[in-house]
2 protein chains.
Amino acid sequence: MEHLFRYAEKLSDMTLSEKEKEMISSAFKPKKLRKRQYFLQEGDVCKFVGFIIKGATRMYSVDQKGNEHILRFSIEEWWVGDSESYTDLVPSKYNIDAVEDTEMLVTTFALMQPLMAEIPAIAKMIRTMDQRSYIASQRRMHASITMTAEERYDDFYGSYPQLLQRFPQGMIASYLGISPETLSRIRKNAGVKP
Amino acid sequence: MEHLFRYAEKLSDMTLSEKEKEMISSAFKPKKLRKRQYFLQEGDVCKFVGFIIKGATRMYSVDQKGNEHILRFSIEEWWVGDSESYTDLVPSKYNIDAVEDTEMLVTTFALMQPLMAEIPAIAKMIRTMDQRSYIASQRRMHASITMTAEERYDDFYGSYPQLLQRFPQGMIASYLGISPETLSRIRKNAGVKP
DNA sequence: CTGTTTTCTTGATATTTATCAACAGCATTA
DNA sequence: TAATGCTGTTGATAAATATCAAGAAAACAG
C-alpha cells in the first residue's frame, strides 16, 4: 500500500495524513494476476481500476480477422482500466490482460468517489493523471499522423525505453500500428544508421 | 457569457449562483479572431484558453517539409488551447488559428485556478472535459492503429458530421493523416458502395 | 535436458497510400 | 470583368507497408 501513498503524494505534491491513508487502505484490495490472465474482457463493463505494484499489462482490441491491436501498456506505478467503459458504464471494446505475473491494488469506481471528494491529494492526483494521459495521447496521435513507421519506432524508443525491454517485439509493433515483420526490418536497419 | 454558463451547468449537472456567474464573468473576456488569424503560434507558451461562442479553429503542426498536420478542430462550445504547453509552461509545438471569423471568451490559467478551486461546478466541468477529451483521443488512436484510410474517413463521417461540413476537405485529410489526393479518391469511391 | 510452443527473421509479392504534375471549378478581390 | 489564388480532381508513378510462407531462434514446460 505504501507504493500507492508515495505515488499519490508525488503526483499531488501534498502529504497524506494517517487518517487519509486509512481511508485509502480500506478502499483498495491487493490482487494478483498470473501471466495471460484477464483483468477485463471485451463486452464486460469495467468496474475496477488497478494500480500496478509489480508486473505488466496490456490493453488491446481484437478485430474481425483476429488481429490484436494494443492501445496501452502499463507497468509499475501505472493505472489499469478502461475509462471509456467505466465513465459511461458501457461494455468495453477492449481486453486487458497480464503480460507478466502482476500484483496490483484494485478498487471500484464507487469506492473511489468518496476518496476523491474527501481527500484533496487524491483529487489532485487524479487531475494530474488525467492531464498527463491526455497530453501523452495527444503526443502519440501526433506521432501517428506525422511520422513514418521507422520514426514512430525511434520516437517510442526515445520516450519509453523501459517498455521496449519489457514487452515482446510483436506487441510493440502492434502498439505502433505496424506489422511485426516491418518492425523486425526496421530494427535490422537501425544498426546501419549513422 | 450566457453560453459559457449554460455549458458549465450542462457539463457539471449543477447550477451556478449569481455570485459564481459574476466570478466567472470577471475572469473571462470576449475576443474576436478574423479568419486566418492566429490564437497561438508555434514557439510561444500558451497562456490563454478560449471557449468558442461562434466560429471554428484548428490546431496543427508544421513539419520540415512545410506540411501541416491538424491535431484538433474546434467549433462552438469547444475549448481552444494547447494543454501540453500551458500545463508544463513549455513552448508550444503547435499553431492555432481561425478557419472562420470566430468569437470566443478567453481567460488565463492564472485566472482559471481560483474558479476551479471555489466553484464546484467549474471543477466538475473541467473534470468532465478532461475525461471526455481523453476518451475521444483514445478512440481516435484506436482508429488510427486499426483502420485503413477509408475506414477512418467513414468513422469520422459517422462521429463528426458537423465538422465535415465545416472544414475544407484538405483539412479533414490532414486530420485523418492522409493526403488530400487520397481523400478525394476515397470520396469518389464512397458513392459506389452498397 | 528435450520436445513444444511462441517469437522473431527473411524473402517474395501484393496492396495501400504518397508524391508529382497538370488542370478544372469557384470564390475573392482589385 | 479579369486576374489571382485556393480547393479539389485525376492520372501516372513511386514509396511504404502488409501479407504470405518458411524457417531459425528463443522461451517454456514437462
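Above this text is the structure in question.
A quick note: this is a predicted structure, and the numbers were derived from the prediction, not measured.

Peer 1: Can you help me understand the relation of the copies chain A and chain B in this one?
Peer 2: The two chain copies are related to each other by a rotation about an axis together with a translation along it. Mapping chain A onto chain B calls for a screw motion: a turn of 180° about the axis and a shift of 0.0 Å along it, with 0.0 Å RMSD after fitting. A rotation of that kind, with that shift, is consistent with a two-fold axis. Considering only C-alpha atoms, the part of chain A nearest the rotation axis is Tyr134(A), at 2.6 Å. With an isologous cut-off of 70% or more, the 100% of interface residues of chain A that recur at the interface of chain B puts this contact in the isologous class.

Peer 1: When you look at the protein's contact with DNA strand C in this model, what are you seeing that I'm missing?
Peer 2: In the vicinity of DNA strand C there are 15 residues, among which Gln169(A), Gly170(A), Arg185(A), Lys188(A) and Thr182(B) approach most closely. Between DNA strand C and the protein, one listed contact pairs a phosphate oxygen with a side-chain N or O atom of Ser184(A) at 3.0 Å. Contacts to DNA strand C include Glu181(B), whose side-chain N or O atom sits 3.2 Å from a base nitrogen. The set of elements that each furnish at least two residues to the surface near DNA strand C consists of α8 (169–176) and α9 (180–190) of chain A together with α9 (180–190) of chain B. In terms of residue count, the dominant contributor to the surface near DNA strand C is α9(A) (4 residues). The residue makeup of the surface near DNA strand C, split by class, is 3 nonpolar, 7 polar and 5 charged.

Peer 1: Which parts of the structure should I look at to understand the pattern of salt bridges?
Peer 2: Pairs may arise between side chains of opposite charge once their charged atoms sit close together. Tallying each qualifying case throughout the model produces 17 salt bridges over all chains. Arg58(A) is the partner of Asp97(A) in a salt bridge, and the nearest nitrogen-oxygen pair spans 2.9 Å. You can see Asp97(A) sitting in strand β7 (residues 95–98) and its partner Arg58(A) sitting in strand β4 (residues 57–62), a full 39 residues away along the chain. Take Arg58(A): its relative accessible area is 7%, and that puts it in the buried class. Close ionic contact of Glu84(A) with Arg139(B) constitutes a salt bridge, the shortest N to O distance being 2.8 Å. With Glu84(A) in helix α3 (residues 83–88) and Arg139(B) in helix α5 (residues 120–146), this residue pair bridges two chains. Accessibility expressed as a relative area gives 5% for Glu84(A), which makes it buried. Taking relative accessible area as the criterion, Arg139(B) reaches 43% and is therefore assigned partly exposed.

Criteria and thresholds
- Residues numbered from 1 in each chain as written.
- Chains lettered and ligands numbered in written order.
- Predicted model: local features only at pLDDT ≥ 70, side-chain atom pairs only at ≥ 80, totals over all residues.
- Heavy atoms only, no water.
- Least-squares fit on C-alpha atoms with pLDDT ≥ 70 in both.
- Contact = heavy atoms within 4.5 Å.
- Near = heavy atom within 4 Å.
- Polar contact = N/O pair within 3.5 Å; in protein donor to acceptor, adjacent residues only side chain to side chain.
- Helix = DSSP H or I, 4+ residues; strand = E, 2+ residues; numbered from the N terminus.
- Nonpolar A, V, L, I, M, F, W, Y, C, P; charged D, E, K, R; others polar.
- Salt bridge = Lys/Arg side-chain N within 4 Å of Asp/Glu carboxyl O.
- Buried < 20%, exposed > 50% of the residue type's maximum accessible area, 1.4 Å probe, protein only.

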